Amino acid sequence: MPYPFLHGLNPEQRAAVTLPHESALILAGAGSGKTRVLTTRIAYLIQSGQATPGGVLAVTFTNKAAKEMLTRLSAMLPINTRGMWVGTFHGLCNRLLRAHHREAALPALFQILDSADQLSAIKRLLKSLNVDEEKYAPKQVQHFINASKEEGLRAEQVDAYDTYTTTLREVFAEYDRQCQREGVVDFAELLLRSYELLSRDTNLREHYQSRFRHILVDEFQDTNRLQYRWLKLLAGPATAVFAVGDDDQSIYAFRGAHVGNMHEFERDFSVQKIIKLEQNYRSHGNILDAANALIHHNAGRLGKNLWTSEGAGEQIRLFEAATDQEEAAFIVDEAKALQREGVSLADIAILYRSNAQSRVLEHALFNAAMPYRVYGGLRFFERQEIKHALAYLRLMASSDDDGALLRVINFPARGIGARSLEQLQDAAKTRGVNLFEAACMRVVGGKAGTSIGNFAALIEMLRGECADLPLPEQIEHMLDKSGLLLHYQGEKEGAERVENLNELVNAAAGFIAENQDASLAGFLTHAALEAGEHQAEAGIQAIQLMTVHAAKGLEFHAVFLSGLEEGLFPHENSRNERDGLEEERRLMYVAITRARRRLYISYAQSRMLHGQFRYGLVSRFLGEIPGELLKAINTSRSHSHAAWGAPSPAPQVRASAVTAGATWRIGQNVVHPKFGAGVIVNCEGGGDDARVEVKFRDHGAKWLALEYARMTAV
DNA sequence: ACTACGAGACTTTTT
DNA sequence: GTCTCGTAGT
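Here is what the cut-offs are and how they apply
Residues numbered from 1 in each chain as written. Chains lettered and ligands numbered in written order. Predicted model: local features only at pLDDT ≥ 70, side-chain atom pairs only at ≥ 80, totals over all residues. Heavy atoms only, no water. Core = buried A, V, L, I, M, F, W, Y, C linked by side-chain atoms within 4.5 Å. Buried < 20%, exposed > 50% of the residue type's maximum accessible area, 1.4 Å probe, protein only. Helix = DSSP H or I, 4+ residues; strand = E, 2+ residues; numbered from the N terminus. Contact = heavy atoms within 4.5 Å. Axes fitted to C-alpha atoms, helices over the stretch in contact; angles between N-to-C directions. Parallel < 35°, antiparallel > 145°, perpendicular 65-115°, else oblique. Left-handed = near helix turned anticlockwise from the far one by under 90°. Nonpolar A, V, L, I, M, F, W, Y, C, P; charged D, E, K, R; others polar. Disulfide = S-S within 2.5 Å.

## Examining the nonpolar core
Part 1: Membership of the largest hydrophobic core comes to 48 residues, with the highest contact counts inside it found for L424, F455, I475, M478 and L479.
Part 2: The greatest single-element share of this core, amounting to eight residues, is contributed by helix α15 (residues 384-397).
Part 3: Once residues lying within four places of it in the same chain are set aside, the contact partners of F455 are Y392, L395, L405, V408, I409 and R414.
Part 4: Core analysis: the second largest hydrophobic core is formed by 43 residues, F89, A104, L233 and A528 among them.

Put into structure tokens, the structure is as follows:
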């Protein structure tokens, strides 16, 4: 056997890895060894001489996944992975555009805008165009622009049927002009620009098409329409595309992911046969059965059933709490018990649908002195002080970057206010120069004018002094001379920010050690394309708290899935979205399949939400899990709230309100003395101020206080 | 130019 | 409840 890495693969995995030169779709269920198949396939192709490292392109969604792939590859093969094109869609597009910036009509040192940079660029543009920000919310404009680009559309190709869209379209066009002028590129632009480059430039396209005989795509279900078209364009007649994905784990439709790409791929690339990886190496049987049963409620799946050779294992533990606090207390108690049994805290996760839910959990963990770690929130390169530092660096690298200039021209404060900035911007516009040049020309008079001139001189000075310094020293120098460091040192709560700024110097040192391209521009690109670690790292001895989205791709010995209430999970906003409920169900599927051995699912009858108590019903998803897989483990304290009926025997739990002897639940038919017949469709509040929404046959929907409404159940 | 206060939002998120 | 954002006041 010349390929030792094929050992230990199951028949389907092996079939996928050793597939002949043809495009293939691998349907890889949760925990089925997807990454292993992907990397082993590459190793096999290279080892068997079917591909050279330079002829392989592998694309992922996150930097973490790309790194993981490279690490595993170099463990399997004694090759230099440098020549391989392994990276994220954005990273690869960046690489392409850097190499052919002239053909793509971009400056050699184009900067990349992250979402926040893009938003401020849009705000600035709206102001200069005198567009009403009330009517055209910057966030919506941003979404419009990005969504258009992700459909492959430029401003002039967007349909406008009313004045509103016409304005949006105009702003879009103007935005692109502004970016071009300033030499910056947003995330969607990276994709679209390289797509356009390849489709326009036949020579270039054919060059890459014949070079990449193998394209491999990870998390294919997460590709958007533009990414799919990009792949189609890059794949030449002799290219085999190896797409690995799981339609059941598509949870990013809200940001443009298009699962339909899987069907289209099958057709467009004449896929002979879909290989399904259904053997799961992660979870015990009951957990998989629950996941299978749940996801079965979705329509239009490609179809897949996870199985394991391990035993059924434990039942899923179901806990009904009276309040969110009680739910948190329960989780803490159970986690402590697990810890006593010897389970590592790092192997316990508490998952929730939305970040707002973490507060109560954190509070309970904190009071119990349990170490925990919350994932999510601001990442390193997104922090204010880092953004400021990067803006200085960007301005040093390129005078055209108006956005960077505006960010730091008065930070730290130099007495340059809105007034003088306006003058500066006007002057720049009439003279057709960028803000930095205008600043150098000292077009603004008075004291502020002097400050502006001094600022320009500062940047010039930094450029001169940094020219021959190694990158980390350049940054140190800038932090010092710009006054940034001093500013934060003088701030009451600035210690952490100072620390982060020092960390930026370290990051630069790490960057030059790992990359051949040790330039400032290279580092800035790195900073934009890789905002820093957001996903959980193994090894930290603390309970892991994160959203279900953030947990995708991870696994834990024990998982607490909290807040299984209608309106929360599935989230109520999902009701308005097309196929929203199905995406929520896939999210639930992802959540369940994170657990290896033990899964807890909990919900609370009442919960503090948006500053007031909300009373929810148990999530419909619990009803979609077969009862025999669940074990209710309610403790006595959960029955303390009299306003709610005793839970019906689990798992067919039904939250219901009890008032004056009558039981109300959603779906209950009622008769009202004034409004007549109707059906309860929603409920809110509890106890004395419980209210229900009743949809009346003849009077529409109304909210009624249970205490006063004299309804009869029918 | 900076602080303070009130209004309004508030699902999920990588690049 | 808590955070951000924008405006008004100092």
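Picking up after the structure, the text goes on.
## Some remarks on the environment of S606
Part 1: Structurally, the position occupied by S606 is in strand β14 (residues 595-609).
Part 2: Residues in contact with S606, not counting those within four places in the same chain, are A322, T323, D324, F613, R614 and Y615.

## A few points about the environment of W307
Part 1: Locating W307 in the fold gives a position in the loop between α12 (285-295) and β9 (316-323).
Part 2: For W307 and N286, which are 21 residues apart along the polypeptide, the C-alpha to C-alpha distance reads 9.9 Å.
Part 3: Apart from residues no more than four positions distant in its own chain, W307 is found in contact with E278, Q279, N280 and L288.

## A short note on the packing of helix α10 (residues 225-234) against helix α11 (residues 260-268)
Any two packed helices are characterised by the angle at which their axes cross and by the distance between the axes.
Part 1: At a minimum axis separation of 11 Å, α10 and α11 run at an interaxial angle of 20°. As the angle between them shows, α10 and α11 are arranged roughly parallel. Here α10 and α11 pass one another in a crossing that is right-handed. Side by side, α10 and α11 meet where R225, Y228 and K232 of the first sit next to N261, E264, F265 and D268 of the second.
Part 2: Residue composition of the contact of α10 with α11, by class: two nonpolar, one polar and four charged.

## Focus on the state of the cysteines
Part 1: Scanning the model with the defined rule gives zero disulfides in all.
Part 2: Left unpaired, C93 is separated from the closest cysteine sulfur, that of C179, by 16 Å.
Part 3: The class for C93 is buried, based on a relative accessible area of 0%.
Part 4: You can see C466 has no disulfide; the closest cysteine sulfur is in C440, sitting 16 Å from it.

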